[in-house]
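Observations on chain architecture
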Amino acid sequence: MPPPSAPATPSRPAADRAPIPPATRKGGKGKWIAGGIALLLVVLYNVGSNDKPVIEENACESAFDLGTQAVTSGDLAAARTQALRASAECGDKERVKVNTLQRAIAAAEKTDNACQRNFRSIDGLLQDSRPGRARAGLNELTAACSNKPEAEALRTRLEATQESIKGALADVRSALDARDQAQARAALAKLTGLNRDEPSLNQLKWEVDALDAAAAAAAPPAPPAEVFMPGAAPVQRAPSQVQEPVAPRAPTAPSGSGTQDGGAAQRTSMATMFLRDAEQALLQRKFDAAKTYVESARRADPNNPQLDSMMQQIRDRERQMLQEETTIR
């Protein structure tokens, strides 16, 4: 016979069960809060570590751009500063930018050194009163040098010198027309100090010298001065020894051939000098200056047999140069 079963224990309703305190639950609210904070820290760390290369890349790019702009504007000091900054900010992947900037600075320094040498040369020509050669030097400057402030300052000086030369030339011509010896010689000295290569300088010198010579020839000779001895009694002349005043004679033209030969020799010598200057100008391919010298020689000695021959040589050489340039084009 089976043993009797134990009496069934009656179950309590859910409402009568004792609630479990929150702090005793496994994985309660405190653990969730700690986990959230840890997750936030991880996210912030990842975001910060991802932004760091971006910031470095932006600094490198900024230094490269600013350095390139400084090279373009000619501010090499600022370009060197940005190159140092780029070298510190750029990483290995961006090292090519640093090298590019450094090469650009080196090329700009080389160009600037060449420009400064040209500027010093042109400045020396202006100080040496050779504006024509200074203008040629300015025209031969490269575009990089021609755009610099130093070139603009030299051009301003040259223009002022050219205006002064025009004024001095006008003063010499005006004084020669007025036959004012002192003014003509002063204006000629000023012109010589402004432009030693003035094509008409020798002709103007000859004209001023001729004006001085004409004035000296026209001046009457000074009377001999009487010398009085201190304490000496005045010389008493007898009435028979007193000479009647003689009426002045009209001046007569010199009749000797020596004066004429001397003037002709001077004109021939002056014409020969002008012709030598024309030959030098022709060798340097300065055709306009050569023609000016020939015309000066013609005014000094119109009968010189070398005038037409020299002028023909200049024209032939000028025509040959034009043909050569046309053939090359």
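Our subject is the structure listed above.
Residues numbered from 1 in each chain as written. Predicted model: local features only at pLDDT ≥ 70, side-chain atom pairs only at ≥ 80, totals over all residues. Heavy atoms only, no water.

Overview of the layout of surface pockets
Spelled out, the test is: Both cavities and pockets are sets of points on a 1 Å grid over the protein atoms alone; in a cavity a 1.4 Å probe fits but cannot get out, in a pocket the set is open with protein on both sides within 12 Å along at least five of seven lines, and lining residues sit with an atom within 4 Å of a point. Grid points are joined across faces, edges and corners, and a volume is the space filled by probe spheres set on the points. Helix numbering and strand numbering both begin at the N terminus, where a helix is a DSSP run of H or I of at least 4 residues and a strand a DSSP run of E of at least 2. Under the scheme applied, nonpolar residues are Ala, Val, Leu, Ile, Met, Phe, Trp, Tyr, Cys and Pro; charged residues are Asp, Glu, Lys and Arg; polar residues are all the others, including Gly.
In this structure, the largest pocket encloses a volume near 460 Å³. Considering the residues around the largest pocket, the lining is formed by 17 residues, among which D197, Q284, K286, A289 and Y293 are closest to the centre. For the lining of the largest pocket, the elements supplying multiple residues, two or more each, are α4 (131-139), α8 (201-218), α9 (257-283) and α10 (287-300). Looking at side-chain class alone, the lining of the largest pocket contains 5 nonpolar, 4 polar and 8 charged residues. The volume enclosed by the second largest pocket comes to roughly 250 Å³.

Digging into α4
To be explicit about the condition: Categorising residues by exposure relies on relative accessible area from a 1.4 Å probe, with only protein chains included: less than 20% of the type maximum marks a residue as buried, more than 50% marks it as exposed, and the intermediate range marks it as partly exposed. In this context, the arc is that of the directions from the helix axis out to the C-beta atoms. Residue contacts are defined here by distance: any two heavy atoms, one from each residue, within 4.5 Å place the two residues in contact.
Along α4, the residues classified as buried are P131, A134, G137 and L138. Seen end-on, α4 carries its buried residues on one side only, within an arc spanning 115°. Contacts made by the buried residues of α4 are with α3 (95-127), α6 (149-177) and α7 (181-194).

Quick word on the packing of α3 against α4
Rules: Note on method: axes are straight lines fitted to C-alpha atoms, helices fitted across the in-contact stretch only, with angles between N-to-C directions ranging 0 to 180 degrees. Roughly parallel covers angles under 35 degrees, roughly antiparallel covers those over 145, roughly perpendicular covers 65 to 115, and oblique covers all other angles. Less than a right angle of anticlockwise turn of the near helix away from the far helix marks a crossing as left-handed, whereas a clockwise turn marks it as right-handed.
In contact at an axis separation of 8 Å, α3 and α4 are set at 160° when each is read in the N-to-C sense. Classified by the interaxial angle, the pair formed by α3 and α4 is roughly antiparallel. For the crossing formed where α3 meets α4, the hand is left-handed. Residues I122, L125 and L126 of α3 touch α4, and the partners they reach there are P131, R133, A134, G137 and L138.

A word on the nonpolar core
The condition is simple: The definition of a nonpolar core used throughout is a set of buried Ala, Val, Leu, Ile, Met, Phe, Trp, Tyr and Cys residues joined through side-chain atoms within 4.5 Å.
Y293, V294, A297, M310 and I314 are the most contacted members of the largest nonpolar core, which totals 20 residues. Among the secondary structure elements, those contributing two or more residues to this core are α9, α10 and α11 (307-328). Look past the residues within four positions of Y293 in its chain and what remains in contact with it is P199, N202, F274, D277, A278 and A281. Grouped together as the second largest cluster of nonpolar side chains are 13 residues, V172, L188, V208 and L211 included.

A word on the state of the cysteines
Convention followed: Here, the term disulfide refers to a pair of cysteine sulfur atoms separated by no more than 2.5 Å.
The tally for this structure, following the rule as stated, stands at 2 disulfides. Disulfide pairing places C60 opposite C90 at an S-S distance of 1.8 Å. Because the torsion about its S-S bond is 95°, the bridge between C60 and C90 counts as right-handed. Here C90 lies in the loop between α2 (76-89) and α3 and C60 lies in helix α1 (residues 29-73), a separation of 30 residues in the sequence. Since its relative accessible area comes to 5%, C90 is described here as buried. The disulfide partner of C115 is C145, and the gap between their sulfur atoms is 1.8 Å. The S-S bond linking C115 to C145 shows a torsion near -85°; that makes this disulfide left-handed. With C115 in helix α3 and C145 in helix α5 (residues 143-146), this pair connects stretches of sequence that are 30 residues apart. An identical accessibility class is assigned to C115 and C145; each is buried. When the bonded cysteines of the protein are numbered from the N-terminus onward, they pair as 1-2, 3-4.

No statement about biological role is implied by the geometric values presented.
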